[in-house]
Amino acid sequence: MAKPKVIAVANQKGGVGKSTSVYNIGAGLAMNGKNILLIDVDPQGDLTKMLGQRKPHDLPVTLGNALNDVVADTENSSHPEILRHHEGFDFVPANRTLSAVEVSLVNVMSRETVLRRYVNSVKKPYDYVLLDCNPSLGMLVINALSASDYVLIPVQADYLAAEDMTELVGTVQNVKKGINHNLKIGGVFLTMANETNFRKEVVSAVKENFGKHLPVLQAVIPATVRLAEISTADKSIFRHEPRGKAAEAYRTLVQEVIEIGEKQRSRSADLGR
Ligand code: ADP
Ligand code: MG
């Protein structure tokens, strides 16, 4: 079986559509027949809520518990933290237990790779594992980048803060250099594009600003209340409004993710890995 690909969706800015994108990319990949695991790596549990677990803080077993087990070397091989979603993929929920883990990692050996050790222990049955990062460049994000083959960066169409991007890319490069030589930037994609900010000039400005260093993906996710609604509808955009613009855009993004994944797979096959 082909090697699972691990993808982090990261941006230190909150509210740019990371969690919404992880849900829709995951659901879209599952619709394409892929075996998918989504992992909520944000103590806020936003993805967990979107996936129908409305009270993440009441969940008895979440990512935080699983990571504590990795640190203590007492991993539960039955993985009770992995839940099934009705749209045909698996997910690992998160809640504030994860912030306690993040704090306690300060005293742990190899603290940057605790999540990687966890992902490695569960990823085998999957084609793709998607990590939904919290809005920071802290230890949880470093852990997510350390665990990943590539990172996808959603950028709000009207917020082209070049310094933020430089900081994020710098973090990716540091992780690549120090901890995870396989890490690559899969691409930047625009989210929340509307009539005013989604003009050709804006897209080309993004390409000009970042395109020299970063691949900019074709998919542009529109700003639409339909996407805001899915956080409580318990449906991905493909079920909520399958023929709308947002579903179309996420379909394009899913195809691009598959292309990046396949490219990386054939490259690792070349190297005999
Ligand atoms: P992040 O994970 O980066 O913090 P979210 O995915 O949680 O971002 O999105 C932030 C808020 O914006 C949520 O309320 C979500 O429902 C809404 N949202 C996400 N994507 C869109 C979009 N393309 N258009 C309109 N609202 C969106
Ligand atoms: Mg989020």
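These figures come from a predicted structure and were not determined experimentally. (Residues numbered from 1 in each chain as written. Chains lettered and ligands numbered in written order. Predicted model: local features only at pLDDT ≥ 70, side-chain atom pairs only at ≥ 80, totals over all residues. Heavy atoms only, no water.)

**Student:** I tried to follow the pairing of strand E6 (residues 150–156) on my own but got confused; where do I start?
**Tutor:** In summary, the side chains of a regular strand alternate between the two faces of the sheet. Counting buried residues along E6, seven of its seven residues qualify, which places the element largely inside the surrounding structure. Burial along E6 is two-sided: Tyr150, Leu152, Pro154 and Gln156 facing one way and Val151, Ile153 and Val155 facing the other are all buried. In this sheet, E6 lies alongside strand E1 (residues 5–9) in parallel orientation, the contact comprising three bridges. Bridge pairing in E6 places alanine 8 opposite valine 151. The pairing of E6 with strand E7 (residues 184–193) spans seven bridges and is classified as parallel. Bridged to tyrosine 150 within E7 is lysine 184. (Buried < 20%, exposed > 50% of the residue type's maximum accessible area, 1.4 Å probe, protein only. Helix = DSSP H or I, 4+ residues; strand = E, 2+ residues; numbered from the N terminus. Pairing = 2+ DSSP bridges.)

**Student:** Would you take a moment to explain the pattern of salt bridges for this structure?
**Tutor:** Working definition: two side chains of opposite charge can pair if their charged atoms are close together. Under the counting rule described, the total for this entry stands at seven salt bridges. Two residues, lysine 34 and glutamate 262, come together in a salt bridge whose shortest N-O distance is 3.9 Å. With a gap of 228 residues between them, lysine 34 in the loop between helix H1 (18–31) and strand E2 (36–41) and glutamate 262 in helix H11 (residues 245–270) connect regions that are remote in the sequence. With relative accessibility at 22%, the residue lysine 34 sits in the partly exposed group. Given the relative accessible area of 34%, glutamate 262 is considered partly exposed. Salt-bridge contacts for arginine 226 lead to glutamate 241; the nearest nitrogen and oxygen are separated by 3.4 Å. One end of the pair, arginine 226, is in helix H9 (residues 225–233); the other, glutamate 241, is in the loop between helix H10 (237–240) and H11, with 15 residues separating them in the sequence. Accessibility expressed as a relative area gives 28% for glutamate 241, which makes it partly exposed. (Salt bridge = Lys/Arg side-chain N within 4 Å of Asp/Glu carboxyl O.)

**Student:** What should I look at first to understand the site of ligand 1 in this one?
**Tutor:** The local shell around ligand 1 holds 16 residues, among which Gly15, Lys18, Ser19, Thr20 and Pro222 are the closest. Within the backbone of valine 16, a nitrogen or oxygen atom sits 3.0 Å from an oxygen atom of ligand 1. One nitrogen or oxygen atom from the main chain of proline 222 is found 2.8 Å from a nitrogen atom belonging to ligand 1. Within the complex, 79% of the 560 Å² of free accessible area of ligand 1 lies under protein. Counting residues per element, the ones that place at least two in the shell around ligand 1 are H1, strand E8 (216–222) and H9. In terms of residue class, the shell around ligand 1 is built from eight nonpolar, seven polar and one charged. (Near = heavy atom within 4 Å. Polar contact = N/O pair within 3.5 Å; in protein donor to acceptor, adjacent residues only side chain to side chain. Areas by Shrake-Rupley, 256 points an atom, 1.4 Å probe, with all protein chains shown as cover. Nonpolar A, V, L, I, M, F, W, Y, C, P; charged D, E, K, R; others polar.)

**Student:** Please clarify how H1 should be interpreted in this entry.
**Tutor:** When the terminal C-alpha atoms of H1 are compared, their 20 Å separation across 14 residues agrees well with the 20 Å that a helix rising 1.5 Å per residue should span. Of all 14 residues that make up H1, 13 are buried, and the element is covered over most of its length. Glycine 33, located one to two residues past H1, shows a positive phi value of around 85°. (Expected span 1.5 Å × (residues − 1).)

**Student:** Would you mind going over the side chain of asparagine 95 with me for this structure?
**Tutor:** With respect to the helices and strands, asparagine 95 occurs in the loop between strand E4 (89–92) and helix H4 (97–104). Given the relative accessible area of 2%, asparagine 95 is considered buried. Side-chain polar atoms of asparagine 95 contact the side chain of threonine 62, separated by 3.4 Å. Contacts of asparagine 95, omitting those with residues within four sequence positions, involve Pro43, Pro56, His57, Leu59 and Thr62. (Contact = heavy atoms within 4.5 Å.)

**Student:** How should I be thinking about the side chain of serine 146 in this particular structure?
**Tutor:** Note that serine 146 resides in helix H6 (residues 139–146). Within the structure, serine 146 has its side chain in polar contact with the backbone oxygen of glutamate 112 (distance 3.3 Å). When near neighbours in sequence (up to four residues on either side) are disregarded, serine 146 contacts Glu112, Arg116, Val175, Ile179 and Asn180.

**Student:** Help me out: how do you make sense of the nonpolar core in this one?
**Tutor:** The tendency in soluble globular proteins is for nonpolar side chains to be buried side by side. Grouped together as the largest cluster of nonpolar side chains are 48 residues, with contacts concentrated most on Ile39, Leu63, Leu115, Tyr118, Val119 and Leu131. Contacts of tyrosine 118, omitting those with residues within four sequence positions, involve Ile39, Leu63, Ala66, Leu67, Val70, Glu75, His79, Glu81, Ile82 and Val92. Listed in part, the 36 residues of the second largest apolar core include Val9, Tyr150, Ile237 and Ala247. (Core = buried A, V, L, I, M, F, W, Y, C linked by side-chain atoms within 4.5 Å.)

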